[in-house]
Amino acid sequence: MPRATSDAKLLIQSLTKAYAATPTNLKIIDLYVICAVATALMQVAYMGLVGSFPFNSFLSGVLSCIGTAVLAVCLRIQVNKDNKEFKDLPPERAFADFILCNLVLHLVMMNFLG
Amino acid sequence: MAGRRPAPAAFLILVLTAAFASISSAVRPVSDAHRSAASELFAPSADGSFGDLESTYEAVRTFQILGLDRYKSVTGKACEFAAEKLASPASSSAKDLFHAVRISGVLGCSVDAGVYDVVVARLKAVIKDTNSLLEFYYSVGGLLSIKEQGHNIVLSDAESTFHAIKALSQSDGRWRYDTNSAESSTFAAGIALEALAGVVSLADAEVDPSMIGVVKSDIVKLFDTIKSYDDGTFYFDEKPVDATEYKGPVMTSASVVRGVTAFTAVASGKLNIPGEKILGLAKFFLGIGLPGSAKDCFNQIESLSFLENNRVFVPLILSLPSKVFSLTSKDQLKVEVTTVFGSAAPPLKVNLVQVLGSDSKVITSDNKELQFDRDNNVHYLDIAPLKIDVGKYSLVFEISLQEPDHETVYATGGKNTENVFITGLIKVDKAEIGISDNDAGATESVQKLDLSKDTKVSLSANHLQKLRLSFQLTTPLGHTFKPHQVFLKLKHESKVEHLFVVPGSARQFKLVLDFLGLVEKFYYLSGRYELEFAVGDAAMENSFLRPLGHLELDLPEAPEKAPRPPAQAVDPFSKFGPKAEISHIFRSPEKRPPKELSLAFTGLTLLPFIGFLIGLMHLGVNMKNFPSLPGPAAFASLFHAGIGAVLLLYVLFWLKLDLFTTLKYLGFLSVFLVFVGHRTLSYLSSASTKQKTA
């Protein structure tokens, strides 16, 4: 129906405008998350194509991507200035947590990679 | 027998009755078998020596007694060894000098008179100073040996030495080793008697005869402690107080024999010991047979050489060269009576007094004299006139010396018992085999078996019939014979075997196999059974295992629960030999995708990363916030370098490192990283707060 499509267009336009207002560092984090998830999807597609023979490798790869995406999301939550809950947490501290958790995640994933 | 001390007469009677009902002694005098055993036991080591001085002396003395020529080849080495010790008497112990002097005496080594003078002086000094029995023994023995090699030695003050040794004796005839020890020992008694004999020989004046008499009564008391076996063997033994000091019966008896024969050789008059005990000691040493160790060999041979001609009693041994006599070849019973070394005995008569069968049943009590063959030195007797059947018997012999004054010189032991076998041909006759119907008196088919011919019977039966086998066994003298083994064996085609003992009565042997009762025992196996007949006994010269023929047996079918026949013996090589090679089936490897596809997707996976970099450029990512001051800048770059190093470490971990090494390096790096990161981030946060407040 013409109203629906024009409504959808209006909705998307307003969303894009609102998104443009977000601070750059948050945009970087969003981009990172999107790329990580895309990488995971690529791996799932590959597995779907050739079968799950070294299953541990598949799991390791996918979970590493998903894990890092999750950690990035946590970072985004903590760094967001509009978030009242984490007002007192310095962003550098959140970033340090992000780095540390990523390193541990990747150590475990490397071990599981085989 | 141990521990009792009845009066000598009662003891004699006891010994005689024991000899009566005894097992045979089975001794043989010293022969070439002993000589070759001694050669083997006393083999010198690579450099020609026998070990220490004592072992060397034992070796050369045994060779000397047995007349073995090989000791002449080791003379040089042994003489040198002895001379070494004699050269420095002050530093050698009395024991070493004792053995060295005796080795020189046996081998006839030439020793300087001067050397011996010094040795003599040393030994005399030991005698003066010591009060230990062993020191007395070694020094007196050494001096005696030097005297026997031709030097003139006299022991002054012999009486006090005699008293000193005698003082160590105990009331039961044993001796202590020195004044301090409380334990007395039979072995020490032997040594003491030898030492006392030496003192008497070396004395310048005659020793008080009453003292000699006291020692003689000590010897009689010592012989009261003698132990014995049932077959007339006597020996000395001690309670093992200390395991290392325990000498054993051979060594203890040898010591006593040495001491007693040495003492009676120097003392005048007769010793009041029964001849049975001396004979028993000789039997003990001969009963060792071929000894297993060098020390046993030395003790055995030396004791027997002393017993061969001693002044108490010379034992005469009765022995049988062969213990099996055949009635078929009309063997003669042969008996030898010799000294312990096999030398001829004085004139004597041997009588066969009794023949006892199994269970000591008396077969005959006629007293038969054996005739003497002077050329071969054997007493012989024809057995055939005795009318003894085949079997195992005990023959009782009695030796009587022909000259009456030999009674006090030789010990013959009165009655001697020996076990013998008499063998002969057993006749098997009236052998019949046949099949009969159950409970029917008449047999269906009876065949006479002639076991001398090689004919085979061929029988057939079913499970309702019986097999009958009967025969008679007769000895050469016509009596019924009961052998040890009389079997009928049935062997099936499948190698399953069944053995049946044929029961015998006074008249004949008869076996009845009732197949009805044996069906289950035979595992319901029908078919062809081979028949084998076996009769055997030790006294039978013609024991046989004869195949008789075969039997076709028809048994009913086996029911469900019937026992299976046992598994037959398998050829061991097929069971334990190498088996076929196993070809293992491995899991087939998973199908992997083609290489190109994998590489394509690797590229595809990296695409999002490239997209990330492009997006970053799009967003205008810059490095403006990078600290400009050198200090914080260094930390910041170190921070990034640290993260890069950790990631590199992970790559290496995946490629070749193991977890523990990785964790080790990670530990170092993380400490560094934490420090650096803290500095950097705190600088950044302070910078941003300054910006906010400013």
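Note that the structure is predicted; figures quoted are calculated from it, not measured. (Residues numbered from 1 in each chain as written. Chains lettered and ligands numbered in written order. Predicted model: local features only at pLDDT ≥ 70, side-chain atom pairs only at ≥ 80, totals over all residues. Heavy atoms only, no water.)

Caption draft 1: Quick look at the overall build of chain B. In terms of regular secondary structure, chain B is built from 18 helices and 25 strands. Long-range pairs, those at least 24 residues apart, make up 70% of the contacts in chain B between residues at least 6 apart in sequence. For chain B, the accessible surface area stands at approximately 36500 Å², while carbon and sulfur atoms represent 56% of it. (Helix = DSSP H or I, 4+ residues; strand = E, 2+ residues; numbered from the N terminus. Contact = heavy atoms within 4.5 Å. Areas by Shrake-Rupley, 256 points an atom, 1.4 Å probe, with all protein chains shown as cover.)

Caption draft 2: Expanded view of the interface of chain A and chain B. In this complex, chain A contributes 28 residues to the contact, which on the side of chain B involves 32 residues. Together, the buried faces of chain A and chain B total about 2600 Å²; carbon and sulfur atoms form 84% of this surface. Taken together, the connections running from chain A to chain B amount to zero salt bridges. Run the count over chain A and chain B and you get two residue pairs in polar contact (both at pLDDT 80 or more). Looking at the side of chain A that touches chain B, the elements that each hand over two or more residues are helix H2 (24-50) and helix H4 (91-113) of chain A. Here the side of chain A that touches chain B gets 14 residues from one element, more than from any other, and that element is H2 of chain A. Taken together, the residues of the side of chain A that touches chain B break down into 20 nonpolar, six polar and two charged. (Buried area = accessible area lost by both parts, 1.4 Å probe. Salt bridge = Lys/Arg side-chain N within 4 Å of Asp/Glu carboxyl O. Polar contact = N/O pair within 3.5 Å; in protein donor to acceptor, adjacent residues only side chain to side chain. Nonpolar A, V, L, I, M, F, W, Y, C, P; charged D, E, K, R; others polar.)

Caption draft 3: Expanded view of the packing of helix H8 (residues 158-166) of chain B against helix H10 (residues 209-223) of chain B. All names here are of chain B. For the pair H8 and H10, interaxial distance at closest approach is 12 Å and the crossing angle is 25 degrees. Taken as axis vectors, H8 and H10 run roughly parallel relative to one another. Judged by the sense of rotation from one axis to the other, the crossing of H8 with H10 is left-handed. Residues Phe 162, His 163 and Lys 166 of H8 lie in contact with H10, whose contacting residues are Met 211, Val 214, Val 215 and Asp 218. Residues of the contact of H8 with H10, tallied by class, amount to four nonpolar, one polar and two charged. (Axes fitted to C-alpha atoms, helices over the stretch in contact; angles between N-to-C directions. Parallel < 35°, antiparallel > 145°, perpendicular 65-115°, else oblique. Left-handed = near helix turned anticlockwise from the far one by under 90°.)

Caption draft 4: Just the UniProt feature "transmembrane region" (unreviewed entry) in chain B, in detail. Residue and element names in this part refer to chain B. According to UniProt, the feature "transmembrane region" (unreviewed entry) maps to residues 597-621, 633-653 and 665-684 in the numbering used here. Secondary structure content for residues 633-653 is 100% helix and 0% strand, and the end C-alpha separation is 30 Å. Secondary structure within residues 665-684 divides into 100% helix and 0% strand; the distance between the first and last C-alpha atoms comes to 28 Å. (UniProt positions renumbered as here; feature names shortened; annotations may be inferred.)

Caption draft 5: Fine view of the side chain of Thr 225 of chain B. Residue and element names in this part refer to chain B. As for its position among the elements, Thr 225 is in the loop between H10 and strand S3 (227-228). Residue Thr 225 is classed as buried on the basis of its relative accessible area of 16%. In terms of polar contacts, Thr 225 uses its side chain to reach the backbone carbonyl oxygen of Leu 222, at 2.7 Å. When sequence neighbours within four positions are dropped, the list of residues in contact with Thr 225 reads Asp 172, Arg 174 and Phe 236. (Buried < 20%, exposed > 50% of the residue type's maximum accessible area, 1.4 Å probe, protein only.)

Caption draft 6: Representation of the nonpolar core in the model. Residue and element names in this part refer to chain B. The biggest cluster of nonpolar side chains holds 98 residues, and the ones touching the most others in it are Ile 165, Trp 175 and Phe 223. No other element matches helix H9 (residues 186-202), which puts 12 residues into this core. Look past the residues within four positions of Phe 223 in its chain and what remains in contact with it is Phe 236, Val 256, Val 260, Ile 273, Lys 277, Ile 278 and Leu 281. Counting 68 residues, the second largest nonpolar core, distinct from the first, contains Phe 509, Met 540, Leu 555 and Ala 562. (Core = buried A, V, L, I, M, F, W, Y, C linked by side-chain atoms within 4.5 Å.)

Caption draft 7: How the structure looks around unusual backbone geometry. All names here are of chain B. One non-glycine residue with positive phi stands out, namely Asn 377, at about 60 degrees. If you trace the backbone, Asn 377 turns up in the loop between strand S12 (371-373) and strand S13 (378-382). Within the chain, Tyr 523 stands out as a residue other than glycine whose phi angle is a positive 60 degrees. Inspection of the secondary structure assignment puts Tyr 523 in the loop between helix H14 (515-518) and strand S24 (527-536).

Caption draft 8: Molecular detail of the UniProt feature "transmembrane region" (unreviewed entry) in chain A. All names here are of chain A. UniProt's entry tags residues 31-49, 55-75 and 95-113 with the feature "transmembrane region" (unreviewed entry), counted in the numbering of this structure. For residues 31-49, the end-to-end C-alpha separation is 27 Å, with 100% helix and 0% strand making up the annotated structure. Within residues 95-113, the helical portion is 100% and the strand portion 0%, while the C-alpha atoms at the span's ends are 26 Å from each other.

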